[in-house]
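# Structural characterization, general
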Amino acid sequence: MGLLFYGTQTGTAALVADAIHAQMPDLVQECKNIYGAKAADLEAADFLVLGGSTWGDGELTDDWNDFLPQLDRINFAGKKVALFGLGDQIGYSYNFVSAMKILYDKLVSRGAEIIATQIPTEGFDFEHSEAVLNGKFIGLVVDEVNEPELSKERIKQWEGQIRAALGTQVA
């Protein structure tokens, strides 16, 4: 069973999460805000999609910050996790989608296998992002402020990487 959890301050991440869920309903059975979630909710899933917006100077949203200590109670060994992040590459060019790296580091330290991490940086115009490792983003990146028209195609391309990592075909 695949679950998607997102954090949001303004509701935009919820819209992107819904679009991800709609693109992969066979992989992601439920889409929920991380606010009010319990560690057991994440433990129950075979596959997770986690993400949300970068806030302020590269920080997680408040709901993710509140949930972060619960991640320390979860053994993610053997669990595959795909990450997504929203950012504003023009207004916050110096920390574009950097909050995604906070989740990445926490999950890796807890044994998660992060999948779909070969997202090209080409097509984005930003100064710096903590979410870039070895020249690639560590998850899906969308900019709903400046390029909302590209989000659907970016989600579809990312889906291909997820399906390859999970060994599944399009339903």
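Before going into details, it helps to say that this report is about the structure given with it. (Residues numbered from 1 in each chain as written. Predicted model: local features only at pLDDT ≥ 70, side-chain atom pairs only at ≥ 80, totals over all residues. Heavy atoms only, no water.)

## Quick notes on helix 5 (residues 151-166)
- Helix length check: helix 5 (16 residues) gives 22 Å between terminal C-alpha atoms against 22 Å at 1.5 Å per residue, within 8%.
- Those residues of helix 5 not exposed but buried are Ser151, Arg154, Ile155, Trp158, Glu159, Ile162 and Arg163.
- Buried residues in helix 5 make contact with helix 1 (12-23), strand 3 (47-53), strand 4 (80-86), strand 5 (113-115), strand 6 (119-120) and strand 9 (140-142). (Helix = DSSP H or I, 4+ residues; strand = E, 2+ residues; numbered from the N terminus. Expected span 1.5 Å × (residues − 1). Buried < 20%, exposed > 50% of the residue type's maximum accessible area, 1.4 Å probe, protein only. Contact = heavy atoms within 4.5 Å.)

## Considerations on the pairing of strand 1 (residues 2-7)
- Of all 6 residues in strand 1, 6 are buried; the element is thus mostly enclosed.
- In strand 1, alternate side chains face the same way, and those of Gly2, Leu4 and Tyr6 on one face and Leu3, Phe5 and Gly7 on the other are all buried.
- As judged from the 6 bridges shared by strand 1 and strand 3, these two strands associate in the parallel manner. Bridged to Phe5 within strand 3 is Leu50.
- Where strand 1 and strand 2 (residues 30-33) come together, 4 bridges link them in parallel fashion. Counted as the bridge partner of Tyr6 is Asn33 from strand 2. (Pairing = 2+ DSSP bridges.)

## Some details on the pairing of strand 3
- The buried count for strand 3 comes to 7 of 7 residues, which makes it a mostly enclosed element.
- Of the strand pairs in this sheet, strand 3 and strand 4 are connected by 7 bridges, and their pairing is parallel. When the bridges of strand 4 are listed, Phe47 appears paired with Lys80.
- Where the polypeptide runs from strand 3 across helix 3 (residues 62-71) and back to strand 4, its parallel neighbour, the crossover connection is right-handed. (Right-handed = clockwise from strand over helix to strand, strands pointing away.)

## Section: the packing of helix 3 against helix 4 (residues 99-109)
- Here helix 3 crosses helix 4 at 10°, and the two axes come no closer than 11 Å. Viewed along their axes, helix 3 and helix 4 adopt a mutual orientation that is roughly parallel. Facing Trp64, Leu68 and Leu71 of helix 3, the residues of helix 4 in contact are Ile102, Leu103, Lys106 and Leu107. (Axes fitted to C-alpha atoms, helices over the stretch in contact; angles between N-to-C directions. Parallel < 35°, antiparallel > 145°, perpendicular 65-115°, else oblique.)

## Remarks on the pattern of salt bridges
- Tallied over the entire structure, the rule returns 6 salt bridges.
- Here Arg163 ties to Asp26 by a salt bridge, and the two come within 2.6 Å at their closest N and O atoms. Placement of Arg163 in helix 5 and of Asp26 in the loop between helix 1 and strand 2 is noted, with a sequence separation of 137 residues between them.
- You can call Arg163 buried: its relative accessible area is 5%.
- Salt-bridge contacts for Lys32 lead to Glu30; the nearest nitrogen and oxygen are separated by 3.4 Å.
- Residues joined by salt bridges that share partners form a network here, namely Asp26, Glu159 and Arg163. (Salt bridge = Lys/Arg side-chain N within 4 Å of Asp/Glu carboxyl O.)

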